[in-house]
Amino acid sequence: MIDAPFVMAPYDPNVMIAGGQEWYEAGQAWHRHVFRTGNGGGDWGENGQDLQSLILTLAFAPSDANVYYVGTQNGVVWRTGNQGGSWNPTWLFAGPGHPVTRIAVDRSNSQRLFLTVGDFSVAHVWGSTDGGVTFTALAAGLPNAPSNVIVIEPNYPNTLFAGGDAGVFRST
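Criteria and cut-off values
Residues numbered from 1 in each chain as written. Predicted model: local features only at pLDDT ≥ 70, side-chain atom pairs only at ≥ 80, totals over all residues. Heavy atoms only, no water. Helix = DSSP H or I, 4+ residues; strand = E, 2+ residues; numbered from the N terminus. Rg over C-alpha atoms; globule rule 2.2 N^0.38 Å. Buried < 20%, exposed > 50% of the residue type's maximum accessible area, 1.4 Å probe, protein only. Areas by Shrake-Rupley, 256 points an atom, 1.4 Å probe, with all protein chains shown as cover. Phe/Tyr/Trp six-rings, centres within 6.5 Å; stacked < 30°, edge-to-face > 60°. Pairing = 2+ DSSP bridges. Axes fitted to C-alpha atoms, helices over the stretch in contact; angles between N-to-C directions. Contact = heavy atoms within 4.5 Å. Polar contact = N/O pair within 3.5 Å; in protein donor to acceptor, adjacent residues only side chain to side chain. 1 Å grid on protein atoms, 1.4 Å probe; cavity = no way out; pocket = protein on both sides within 12 Å on 5 of 7 lines; lining within 4 Å. Points joined across faces, edges and corners; volume = space filled by probe spheres on them. Nonpolar A, V, L, I, M, F, W, Y, C, P; charged D, E, K, R; others polar.

Draft legend 1. Molecular detail of the overall build of the chain. Secondary structure assignment for the chain yields zero helices and 15 strands. Over its C-alpha atoms the chain spans a radius of gyration of 16 Å, differing by no more than 12% from the 16 Å that the globule rule assigns to 172 residues. Along the longest, intermediate and shortest principal axes, the C-alpha atoms of the chain span 50 × 35 × 25 Å. Expressed as a percentage of its 172 residues, the buried residues of the chain come to 44%. Carbon and sulfur atoms make up 53% of the accessible area of the chain, which totals about 8,400 Å².

So this is what it looks like as structure tokens:
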């Protein structure tokens, strides 16, 4: 079972986004969307186009209300710069089977983000300083096991905590 991701905007408790999917009978296909509310959950609407894979993680950029990121089961990181009006794939692992399990965005720089990958065959923690256009593997000292969560230490933004199948690890 996979729980649908759901996050509240750090700058406004009435703004929330959730990942979901809908079956379109006419097209005989699943459509995967981000859904957004701006009134505390009173009304929800599709927030942009079909993202083509199960949405596993969502993250707001605390420093820019227009920017948020999505990570999918097929290893794509999507970015919006207009509150979900349009989405652009920023990064894709080579081949399927590398799910992006969590994304964390620096609270003072919307271009700086980190993600975890829930797979054995690639590095499990990655970082970007250009809004997800490129990523660098941050795997030194980590065991070869899927990672499921990453947190940026709020008071020390160069310190990361990553957790997964082999435990919780802190960057140095």
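From this point, the discussion proceeds with the structure in view.
Draft legend 2. Just the packing of aromatic side chains, in detail. Applying the stated rule across the entire model yields six aromatic pairs. Here Tyr-11 and Phe-60 contribute two aromatic rings whose centre-to-centre distance is 5.8 Å and whose plane-to-plane angle is 90°, an arrangement assigned as edge-to-face. Remark: Phe-60 occurs in strand β5 (residues 55-60) and Tyr-11 occurs in the loop between β1 (6-9) and β2 (12-24); sequence separation between them is 49 residues. Exposure remark for Phe-60: the relative accessible area of 7% places this residue in the buried category. Put simply, the rings of Tyr-11, Phe-60, Tyr-68 and Trp-87 pair up and form one aromatic cluster.

Draft legend 3. Structural view of the sheet that holds strand β15 (residues 167-170). With antiparallel pairing, the three strands of this open sheet are ordered in space as β13-β14-β15. With one partner strand each, in any of the chains shown, β13 (147-152) and β15 form the two edges of the open sheet. Each adjacent strand pair in this sheet contributes to an overall mean axis angle of 15°, direction not counted. Bridge analysis of β13 against strand β14 (residues 160-164) gives five bridges, and the strand direction is antiparallel. Following the sheet pairing, Val-151 is matched in β14 by Phe-161.

Draft legend 4. Fine view of the environment of Thr-134. Mapped onto the elements, Thr-134 comes out in the loop between β11 (125-128) and β12 (136-137). The residues touching Thr-134, leaving out its near neighbours within four places in the chain, are Gly-127 and Ser-128. Among the polar contacts listed, one links the side chain of Thr-134 to the side chain of Asp-130, at a separation of 2.7 Å.

Draft legend 5. View of the side chain of Thr-72. In this structure, Thr-72 sits in strand β6 (residues 68-72). Apart from the residues within four sequence positions on either side, Thr-72 is in contact with Ser-53, Leu-54, Ile-55, Leu-56, Trp-78, Pro-99 and Val-100.

Draft legend 6. Layout of empty space enclosed by the protein. Per the counting criterion, the structure on display carries one cavity of 30 Å³ or more. Considering only enclosed or pocket space, the largest cavity measures out at about 60 Å³ in volume. Elements that contribute at least two residues to the lining of the largest cavity include exactly β14 and β15. The dominant element in the lining of the largest cavity, judged by the number of residues it contributes, is β14, at three residues. Looking at side-chain class alone, the lining of the largest cavity contains seven nonpolar, four polar and one charged residues.

Draft legend 7. Structural context of the sheet that holds strand β4 (residues 45-46). Sheet architecture is open: four strands sit in the order β1-β2-β3-β4, paired in antiparallel fashion. Of all the strands in the sheet, the pair left with one neighbour each is β1 and β4. Sheet topology note: the β1/β2 ladder contains four bridges and is antiparallel. Within β2, the residue paired with Phe-6 across the bridge is Ala-18.

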